[in-house]
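Structural features, examined
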Amino acid sequence: MTEIAPLAPPETLADPHPVRAWANAKFFESIDWYVHRRLGARKQALFADVPHEVVELGAGAGASMRYLAPGTRLLALEPNRHAHDALHRKATRYGIDLEIRENRAESTGLPSASVDAVICTLVLCTVDDPAAALAEVHRILRPGGRFVFIEHVASRTGPIRALQQLLRRPWRYAFDGCCLDRDTAATIAATGFADLRIEHSRLGGVFVPVWPQISGVAVA
């Protein structure tokens, strides 16, 4: 990834729900320690050999920065402006060379075949069109480039599936569009990556509706 220039200026759309956007930014910054406790080992393994220049979709409050090598150049795509201060703080703490743009995952504004690695953790649940976002990832990756992801997904059966269905609407409202019942593994598989590795896992902990998770690497 060398001196990536946008095809168009970054999006500057107003937050659709500014109070929830602010609350979500503060909430996810406050539980960073808990996310690290639950996902840290998996993130460490997945991000261990990512290039030192990387694009992150939905960077949020910077929960992934501690797993990147100091000096990494991170292009953080984060449309929620309320999270930007936290991103800057994390970048300073972990020695990350940070650039923030407000583009959304479905329209990054980056040239085709210009990126070696894209990372994405717990983001495809919130985008309006996951298939479009994944097609965009595939477009901007160079041949052999990697898409590294962790996502919560729909439970196939049992009480967690019932709980996801029960909480679907209030959860989506509270967490600014987060969908509990997406089959993200199937959407990634349908994107057309040259190689794909997906592992299913169980998060555990207090956030029961997001226990079913997938993680892996897709190669363009």
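Up top is the structure.
Structural notes, computed from the coordinates. Remember, predicted model here, so these are calculated numbers, not experimental data. (Residues numbered from 1 in each chain as written. Predicted model: local features only at pLDDT ≥ 70, side-chain atom pairs only at ≥ 80, totals over all residues. Heavy atoms only, no water.)

There is about 190 Å³ of room inside the second largest pocket. Considering the residues around the second largest pocket, the lining is formed by V153, A154, S155, R156, R182, D183, A185, H200, S201, P212, Q213 and I214. For the lining of the second largest pocket, the secondary structure elements donating two or more residues are β6 (195-202) and β7 (212-219). Here the lining of the second largest pocket gets three residues from one element, more than from any other, and that element is β7. Here the residues of the lining of the second largest pocket sort into five nonpolar, four polar and three charged. (1 Å grid on protein atoms, 1.4 Å probe; cavity = no way out; pocket = protein on both sides within 12 Å on 5 of 7 lines; lining within 4 Å. Points joined across faces, edges and corners; volume = space filled by probe spheres on them. Helix = DSSP H or I, 4+ residues; strand = E, 2+ residues; numbered from the N terminus. Nonpolar A, V, L, I, M, F, W, Y, C, P; charged D, E, K, R; others polar.)

This part takes up the environment of E102. Its place among the elements puts E102 in the loop between β3 (97-101) and β4 (115-121). The class of E102 is buried, set by a relative accessible area of 16%. Residues E102 and S201, spaced 99 residues apart in sequence, show a C-alpha to C-alpha distance of 31 Å. Reaching out from E102, the side chain makes a polar contact with the side chain of R81 at a distance of 2.9 Å. (Buried < 20%, exposed > 50% of the residue type's maximum accessible area, 1.4 Å probe, protein only. Polar contact = N/O pair within 3.5 Å; in protein donor to acceptor, adjacent residues only side chain to side chain.)

It is worth spelling out the sheet that holds strand β2 (residues 73-77) at this point. Spatially, seven strands are ordered β3-β2-β1-β4-β5-β7-β6 in an open sheet, and the strand pairing comes out mixed. Each end of this open sheet is capped by a strand with a single partner; those strands are β3 and β6. Between one strand axis and the next, the sheet turns through 15° on average, direction left out of account. Sheet topology note: the β2/β3 ladder contains five bridges and is parallel. Directly across from A76, in β3, lies its bridge partner I100. Those strands touched by helix α3 (residues 84-94) are β2 and β3, and its axis lies near 165° from that of β3. (Pairing = 2+ DSSP bridges. Axes fitted to C-alpha atoms, helices over the stretch in contact; angles between N-to-C directions. Contact = heavy atoms within 4.5 Å.)

As defined by bridge partners, β4 adjoins strand β5 (residues 141-152) across six bridges and the pair is classed as parallel. Residue pairing across strands places V115 opposite L141, the latter belonging to β5. The β-α-β motif built from β4, the intervening helix α4 (residues 130-140) and the parallel element β5 has right-handed crossover chirality. Sheet analysis places β5 next to β7, joined by seven bridges and oriented antiparallel. By the bridge assignment for β7, V148 is matched with V217. (Right-handed = clockwise from strand over helix to strand, strands pointing away.)

Grouped burial of nonpolar side chains is what soluble globular proteins tend to show. Grouped together as the largest cluster of nonpolar side chains are 31 residues, with contacts concentrated most on F47, M65, L68, L74, L98, I119 and V148. At the level of elements, α2 (32-47), β2, α3, β4, β5 and α5 (158-174) are the ones that each hand at least two residues to this core. In terms of residue count, α2 provides more of this core than any other element does, five residues in total. Among all residues touching L98, those that are not within four sequence positions of it are M65, L74, A76, L87, H88 and A91. Core analysis: the second largest hydrophobic core is formed by 25 residues, L57, L75, L124 and A185 among them. (Core = buried A, V, L, I, M, F, W, Y, C linked by side-chain atoms within 4.5 Å.)

That's the geometry; what it means functionally is another story.
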